[in-house]
Amino acid sequence: MPTRILLEGRPGAGKTTALRRLAALLPTHTASGFTTEEIRQSGVRVGFALETLAGRREVLAHVDLPGPPRVGKYGVDPGVMERLALPSLRPAATEEAAGRLVLIDELGRMELACTAFRHAVEALFAAEVDVVATVHTHGDPFTDALKRRTDIEVVQLTPANRDVLPGELAARLQQPRTRGRPPSQGDRR
């Protein structure tokens, strides 16, 4: 049975950092996916960039983008999801990708504004691949439905466990797949 984990944390808890550390701890593991990060100018957040694990990077959202869609003060470029995020997820959702790992940062409002991305995420969670994705603690119909699934483990990421959790997850993901694998020692729901 594949490992399916949602790392849930408040803004600033270190979700992106934890996911990047996890990727770095798995150099021999075949991983795909993406991370996001803030774009700052003069110390002020003005947008977000999306970067694939293969190193492709584009601006996902920015105060200067017109949208639609808009999320808060940011205009979102859904084309970035089509050009970068979706290709980084699709290979893992095929039968020959059994045993692969997909890292997604994050299942947030900007990313989920892309309908094709939501469909790709649903396909991933139905495929025989390991998935670790980050999510906010706030409610959202799409992520709330994922959190309720019995085949998905929700792990709370906090300042107290954010430094040790990537190592724990890396150790789990490198173990051979078994049914009933014990949960990690991180704070869980």
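This text follows the structure it describes.
The following refers to the structure shown.

Reading the values: the criteria
- Residues numbered from 1 in each chain as written.
- Predicted model: local features only at pLDDT ≥ 70, side-chain atom pairs only at ≥ 80, totals over all residues.
- Heavy atoms only, no water.
- Helix = DSSP H or I, 4+ residues; strand = E, 2+ residues; numbered from the N terminus.
- Contact = heavy atoms within 4.5 Å.
- Phe/Tyr/Trp six-rings, centres within 6.5 Å; stacked < 30°, edge-to-face > 60°.
- Buried < 20%, exposed > 50% of the residue type's maximum accessible area, 1.4 Å probe, protein only.

**Remarks on the side chain of Glu111**
Line of reasoning, step 1. Examined against the element boundaries, Glu111 turns out to sit in helix α3 (residues 109–112).
Line of reasoning, step 2. Setting aside residues no more than four positions away along its own chain, Glu111 makes contact with Phe34, Thr36, Leu60, Met81, Asp105, Glu106 and Phe117.

**A word on the environment of Pro78**
Line of reasoning, step 1. Relative to the helices and strands, Pro78 is located in helix α2 (residues 78–89).
Line of reasoning, step 2. As a C-alpha pair, Pro78 and Leu60 span 18 residues in sequence and 7.4 Å in three-dimensional space.
Line of reasoning, step 3. Here Pro78 is in contact with Pro68 and Pro69, once residues within four sequence places are set aside.

**Things to note about the packing of aromatic side chains**
Line of reasoning, step 1. In total, this model carries 2 aromatic pairs according to the counting rule given.
Line of reasoning, step 2. Centre to centre, the rings of Phe48 and Tyr74 are 5.4 Å apart; their planes meet at 75°, and the pair counts as edge-to-face. One end of the pair, Phe48, is in strand β3 (residues 44–52); the other, Tyr74, is in strand β6 (residues 74–76), with 26 residues separating them in the sequence. Accessibility assignment for this pair places Phe48 and Tyr74 in one class, buried.

Nothing here speaks to function; it is all geometry.
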